[in-house]
Amino acid sequence: MRLGYGEDSHRLIEGKPLYLCGLLIPSPHGALAHSDGDAPLHALTDALLSAYGLGDIGLLFPDTDPKWRGARSEVFLREALRLVEERGGRLIQVSLAIILDQPKLSPHRQGLLENLSRLLGLPLDRIGLTFKTSEGLAVAHVQARAMVLLDG
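Here the structure is a predicted model, which is why all the values come from computation and not from measurement.

Basis of the calculations
- One numbering rule holds for all chains: residues counted from 1, following each sequence as written.
- With pLDDT at 70 or above as the cut-off, local features in this predicted model cover only qualifying residues; side-chain atom pairs require 80 or more to be listed or tallied, and sums for whole chains, interfaces and linings still use all residues.
- As a rule here, side-chain values come from all non-hydrogen atoms in the structure, and water together with hydrogens is ignored.
- Nonpolar side chains (Val, Leu, Ile, Met, Phe, Trp, Tyr) within 5 Å and like charges within 9 Å form the patches, drawn only from residues with over 30% relative accessible area and no salt bridge.
- All accessibility values rest on the Shrake-Rupley procedure with a 1.4 Å probe; residue burial counts only the protein chains present in the view.
- Definition used for salt bridges: Asp or Glu carboxyl oxygen within 4 Å of a side-chain nitrogen of Lys or Arg.
- Numbered from the N terminus, helices here are DSSP runs of H or I no shorter than four residues, and strands are runs of E no shorter than two.
- Take the number of residues in a helix, subtract one, and multiply by 1.5 Å to get its expected span.
- Think of it in three bands: residues with accessible area under 20% of the maximum for their type are buried, residues over 50% are exposed, and the middle band is partly exposed, with areas taken using a 1.4 Å probe on protein chains only.
- Between any two strands, at least two bridges found by DSSP are needed for them to pair.
- To obtain each axis, a line is fitted to C-alpha atoms, and for helices this fit is confined to the stretch in contact; angles are then taken between N-to-C directions over 0 to 180 degrees.
- The pocket and cavity definitions rest on a 1 Å grid over protein atoms only: a 1.4 Å probe that fits but cannot leave marks a cavity, an open set with protein on both sides within 12 Å along at least five of seven lines marks a pocket, and residues lining either have an atom within 4 Å of a point.
- Grid points are joined across faces, edges and corners, and a volume is the space filled by probe spheres set on the points.
- Asp, Glu, Lys and Arg are counted as charged, while Ala, Val, Leu, Ile, Met, Phe, Trp, Tyr, Cys and Pro are counted as nonpolar; the rest, among them Gly, fall into the polar class.
- By definition, the crossover connecting two strands over a helix is right-handed if that path, from the first strand to the second, turns clockwise as seen with the strands pointing away from the viewer.
- Whether two residues are in contact is decided by their heavy atoms: any pair within 4.5 Å suffices.
- UniProt positions are given in the numbering used here, feature names are shortened, and annotations may be inferred rather than shown by experiment.
- Polar contact is defined as a pair of N or O atoms within 3.5 Å, subject to the rule that within protein one atom must be able to donate a hydrogen and the other to accept it, and that residues adjacent in sequence are counted only when both atoms are side-chain atoms.

### Details of a nonpolar patch on the surface
A surface patch of nonpolar side chains, amounting to about 310 Å² of accessible area, comprises L3, Y5 and M147. Looking at the element boundaries, L3 is found in strand β1 (residues 2-14).

Dropping the structure here:
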């Protein structure tokens, strides 16, 4: 068994799209990032990579490389899953926390879970998804923390 941990955060600015778990969430503010700024998928990517000592998202997909400008984060997650599977790893369970003050995410819970299930190839009961606010400490900010459990 292997455990992996990852986290990511982005500043939010007006006029940018807000992508979370691969879905576009209606919001006047989105992540300032080189890619699409999907903090939950970035955290999951790092968690998968860390479980096998493969570095982090910045090592594989550096923000200095123009080919990743505006890239959808599913690309990063798919590559991390491929690298894990190449080493005999099998994803068993995911725990993901998203920290965001606005917009409220509870109306999007089912869609986020279903998209994570699709992207990760896991049944819904193997995905823990929690929402938190910063309690006003970082209102123009999105953060995600992820843990993964793998066999192999």
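There is more to say, and it comes next.
### Overview of helix α1 (residues 39-51)
Over its 13 residues, α1 extends 18 Å from the first C-alpha to the last, a length consistent with the 18 Å expected when each residue adds 1.5 Å. With 12 of 13 residues buried, α1 lies mostly within the body of the structure. G53 sits one or two residues past α1 and shows a positive phi near 65°.

### Observations concerning the sheet that holds strand β4 (residues 29-31)
The strand order β4-β1-β7-β5-β6 describes an open sheet built from 5 strands, whose pairing is mixed. In this open sheet, the two strands that pair with only one neighbour each are β4 and β6 (127-132). Sheet twist, expressed as the average angle between the axes of neighbouring strands with direction ignored, equals 20°. As paired strands, β1 and strand β7 (residues 141-151) are joined by 10 bridges and run antiparallel to one another.

### Considering the layout of surface pockets
Empty space within the largest pocket amounts to approximately 200 Å³. Residue lining of the largest pocket: 14 residues in total, with S35, H42, I57, F61 and D63 positioned closest to the centre. Secondary-structure elements contributing two or more residues to the lining of the largest pocket are β1 and α2 (57-60). A total of 3 residues in the lining of the largest pocket trace back to one element, the largest contributor, which is β1. Grouping the amino acids of the lining of the largest pocket by side-chain chemistry returns 6 nonpolar, 6 polar and 2 charged.

### Brief notes about the pairing of β6
Only one face of β6 is covered, namely the face carrying I127, L129 and F131; the face carrying G128, T130 and K132 is uncovered. The pairing of strand β5 (residues 90-100) with β6 spans 6 bridges and is classified as parallel. Looking across to β6, one finds that S95 is bridged to G128. You can see the chain leave β5, run along helix α4 (residues 109-120) and come back into β6, and the turn it takes is right-handed.

### A short note on α4
Helix length check: α4, at 12 residues, gives a terminal C-alpha distance of 16 Å against a target of 16 Å (1.5 Å per residue), a fit within 8%. Considering only its buried residues, α4 is in contact with β2 (18-20), β3 (23-25), α1, α3 (74-86), β5 and β6. Positive phi shows up at G121, right after α4, with a value of about 70°.

### Quick word on the UniProt feature "binding site: a divalent metal cation" (unreviewed entry) in the protein chain
UniProt's feature table lists "binding site: a divalent metal cation" (unreviewed entry) at D8, H10 and H42, given in the numbering used throughout. A maximum C-alpha distance of 10.4 Å places the annotated residues, which cover 35 residues in sequence, within one compact spot. Lining of the largest pocket among the annotated residues: D8, H10 and H42. Inspection of the secondary structure assignment puts H10 in strand β1. When its relative accessible area of 13% is taken as the criterion, H10 is described as buried. In this structure, H10 is in contact with A31, L32, A33, G37, A39, H42, A140, H141 and V142, ignoring residues within four places of it in sequence. In terms of polar contacts, H10 uses its side chain to reach the side chain of D8, at 2.8 Å. Structurally, H42 is set in helix α1. According to the relative accessible area criterion, H42 is buried, its value standing at 5%. Beyond its immediate stretch of four places on either side in the chain, H42 contacts D8, H10, S35, D36, G37, I57, S73 and F76.

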